[in-house]
Amino acid sequence: MINTSDKKSENLNNILFPHEILKNYDQSKYSFPQILQDLFGLNKLDQLHEKIYSEEIFNRDLGKDSASKFHNIFYSEIKKKDSKLRTTWESFLTNEVKNHFSYVDSLIVQKLPSIRIHIPNGLAIKRWHCDSDEDHKHPLGELNCILALTDMHDTNSLWRESKPNEADFKPFNLKTGELVYWNGNTCIHGNKINTTAKTRMSLDFRVFPREQYEKHISSTTGIEYSTATMGTRFIIGEYYKEVF
Ligand SMILES: [Fe+2]
């Protein structure tokens with residue numbers, strides 16, 4: 001994993017066939033953990049499991065794996081255009097994410113992030129998959145980003161192979177305030193049962209360099225496919241927005 005602030009070295013090829021790129025975000029400016037603590041009524045995000053009465057709701061299959069009370073609170077809040085969560089997200093995209101790709105004029109980005117909540121003894125995502133597979137149908141050329149809202153490591157983290165078909169699965173070991181760009185588009189990834197005593201929480205979203213997006217949109221399936229959870233099409237105005 002490369003930790004670099006040398007933006008010039010990150011040319012487009014690196015992004016399309018990336019090393020994993022580690023970045024930090026300023027938690028005082030983009031206080032996602034604090035906002036979510038307030039929203040969920042918690043002292044610490046990694047203690048969320050203490051407020052849960054049934055683990056079952058966290059272990060559902062594709063399309064139903066984001067249905068807990070906490071997921072609902074998150075998605076309803078981030079959809080409100082003037083909520084602190086939403087305005088922080090918008091400014092994070094413009095001032096941080098876009099700057100990570102400063103050599104492109106505009107970046108296509110997943111409009112709203114997904115939240116992953118991985119409680120002890122639970123799974124955040126049940127199926128091992130890559131995002132471009134038959135079940136998920138994400139377009140080729142997307143780059144994934146995972147942003148740690150709690151420390152994440154070992155079995156409470158996301159495991160991924162280093163290259164497609166490599167099968168050398170390892171967990172992301174990240175601290176709160178770190179994010180990683182990585183290839184979840186064609187690398188298999190998934191969860192293990194969380195045997196730690198802490199809940200992991202993270203945001204994930206995808207970025208799409210415009211050139212790759214244009215290829216996707218002009219393909220025969222470009223505007224047909226949609227997300228497994230919400231049925232949102234992979235086009236600007238639905239799943240994506242453009243950030244300048
Ligand atoms: Fe995925």
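Note that the structure is predicted; figures quoted are calculated from it, not measured.

1. As for the sheet that holds strand 6 (residues 159-160)
Within a sheet, adjacent strands bond to each other through the backbone by hydrogen bonds, running parallel or antiparallel.
Then, number 1: An order of 7-6-9 is seen for the 3 strands of this open sheet, with the pairing classed as antiparallel. Edge positions in the sheet fall to strand 7 (170-171) and strand 9 (189-190), since each has one partner strand and no second.
Then, number 2: Relative to strand 9, strand 6 runs antiparallel, the two sharing 2 bridges. Residue pairing in the sheet places Trp159 in a bridge with Gly190 of strand 9.

2. Some remarks on unusual backbone geometry
Then, number 1: In the Ramachandran plot, Lys137 falls in the positive-phi region, its phi being about 60 degrees despite a non-glycine side chain.
Then, number 2: As for its position among the elements, Lys137 is in the loop between strand 4 (114-118) and strand 5 (143-148).
Then, number 3: Residue classification places Lys137 among the partly exposed positions, given that 15 C-beta atoms sit within 10 Å.
Then, number 4: The phi torsion at Asn165 lies on the positive side, around 70 degrees, for a residue other than glycine.
Then, number 5: For Asn165, the location among the structural elements is in the loop between strand 6 and strand 7.

3. Here's the deal with the pairing of strand 10 (residues 200-209)
Then, number 1: Most of strand 10 is tucked away: 10 of the 10 residues are buried.
Then, number 2: With 3 bridges connecting them, strand 3 (residues 107-110) and strand 10 associate as antiparallel partners. Across the sheet, residue Leu107 finds its bridge partner in strand 10, namely Pro209.
Then, number 3: Pairing between strand 4 and strand 10: 5 bridges, direction antiparallel. What sits directly across from Ile115, in strand 10, is Leu203.

The rules behind these values
- Residues numbered from 1 in each chain as written.
- Predicted model: local features only at pLDDT ≥ 70, side-chain atom pairs only at ≥ 80, totals over all residues.
- Pairing = 2+ DSSP bridges.
- Helix = DSSP H or I, 4+ residues; strand = E, 2+ residues; numbered from the N terminus.
- Buried ≥ 20, exposed ≤ 12 C-beta atoms within 10 Å, placed from the backbone.

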